[in-house]
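# Notes for the structure review
Each chain, written out:
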Amino acid sequence: MNSRRTFIKNSALAGAGSLLLPTFSFTKHENVAYGVQLYTFRDELAKDAKGTLRKIADLGIKKIESARSSKGLYYGLTPKEMKKECENLGMKLVSGHVALDENFDHTMAQAVESGQEYVICSSLPSKGQTVENYKRVADAFNKAGESCKKLGMKFGYHNHEYEFESHEGQVLYDVLMDYTDPELVFMELDLGWVVVAGLEPMDYFKKYPGRFPCWHLKDMDMHEKESTEFGKGGLDIAQIMDSQKASGVEHIFIEQEEYANNALDSMKHNMQFLKAL
């Protein structure tokens, strides 16, 4: 399953300068330094990586999570260039989505150069919606986690919707949770996909407290099963934001894959929504 659904590409941003915002001063959640998953700005980054990073920084974003692209892990920039560019803009490259494949050693080496804290596997390394496969995946994750730990980084996994299917009476995501070492494998919970799967993120925070240091914060159109602007979908964002302590979250990355207009407009809306909480 491809969690990032194909859709018609939006037109180039027009008058983007008028959308730039100062850094927000948050009230109830003022200690939260929000991040963004750069897949949100995938088309813009492909055209102008440095310029797009500047626009993201102007929105008040402080943390960055990269994603694989046709131009590599850092949108045509070297790991060191990506690190420097973010630092110059007052942001930090905290995490990156990668594949757990035959190139993983090289992936880890790039992550070390970039100064990342987290290396996040963004899809299962082997196919099969079975308990057996998920146990096999858990073993691969434990080994990857051990390799990352030796290099001073943390390894994690980002879920979609399909991990919450069941096999032999077991929820497959729970199999991953139960068979991975909490000291080696950290979970990045995509809150939107949990809700689309008909489950509650808070239930997972209670069942596995402290296991979710990273979030993908996204609202979801429950009919279309695709992301939407905050407040327009089925995620109770205010309630979720009050559940940070239970989850153990340290980094909250906003992600949006589909937009009413374009990525910058949507992120402007999302930041204003969070400011008002």
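To be clear, the structure that these remarks concern was listed above.
Residues numbered from 1 in each chain as written. Predicted model: local features only at pLDDT ≥ 70, side-chain atom pairs only at ≥ 80, totals over all residues. Heavy atoms only, no water.

This part covers the sheet that holds strand 8 (residues 185–190). Pairing is parallel around the closed barrel formed by 8 strands, whose spatial order is 1-2-3-4-5-8-9-12. Taking the axes of each pair of neighbouring strands and ignoring which way they run, one obtains an average angle of 25° across the sheet. Relative to strand 4 (residues 118–121), strand 3 (residues 92–98) is paired through 4 bridges, and the arrangement is parallel. Residue pairing for strand 4: Val 98 is matched across the bridge by Cys 121. (Pairing = 2+ DSSP bridges. Helix = DSSP H or I, 4+ residues; strand = E, 2+ residues; numbered from the N terminus. Axes fitted to C-alpha atoms, helices over the stretch in contact; angles between N-to-C directions.)

A few words now on the packing of aromatic side chains. Under the criterion given, the structure shown has 11 aromatic pairs. Consider the rings of Phe 104 and Phe 155, whose centres lie 6.1 Å apart with planes at 90°: the pair is edge-to-face. Within this pair, whereas Phe 104 is found in helix 4 (residues 104–114), its partner Phe 155 is found in strand 5 (residues 154–158), the two being separated by 51 residues in sequence. As far as burial versus exposure is concerned, Phe 104 and Phe 155 are alike and both buried. (Phe/Tyr/Trp six-rings, centres within 6.5 Å; stacked < 30°, edge-to-face > 60°. Buried < 20%, exposed > 50% of the residue type's maximum accessible area, 1.4 Å probe, protein only.)

Here we come to the environment of His 160. As for its placement among the helices and strands, His 160 is situated in the loop between strand 5 and strand 6 (166–167). Given the relative accessible area of 4%, His 160 is considered buried. For the pair His 160 and Leu 124, spaced 36 residues apart in the sequence, the C-alpha separation amounts to 9.9 Å. For His 160, the side chain forms a polar contact with the main-chain oxygen of Ser 122, separated by 3.3 Å. (Polar contact = N/O pair within 3.5 Å; in protein donor to acceptor, adjacent residues only side chain to side chain.)

Turning our attention to the environment of Ser 247. Inspection of the secondary structure assignment puts Ser 247 in helix 10 (residues 244–247). Between the alpha carbons of Ser 247 and Phe 212 there is a distance of 5.4 Å; along the sequence they are 35 residues apart. In contact with Ser 247, other than residues within four places in its own chain, are Phe 205, Gly 210, Arg 211, Phe 212, Pro 213 and Trp 215. In terms of polar contacts, Ser 247 uses its side chain to reach the backbone carbonyl oxygen of Gln 244, at 3.0 Å. Among the polar contacts listed, one links the side chain of Ser 247 to the backbone nitrogen of Val 249, at a separation of 3.1 Å. (Contact = heavy atoms within 4.5 Å.)

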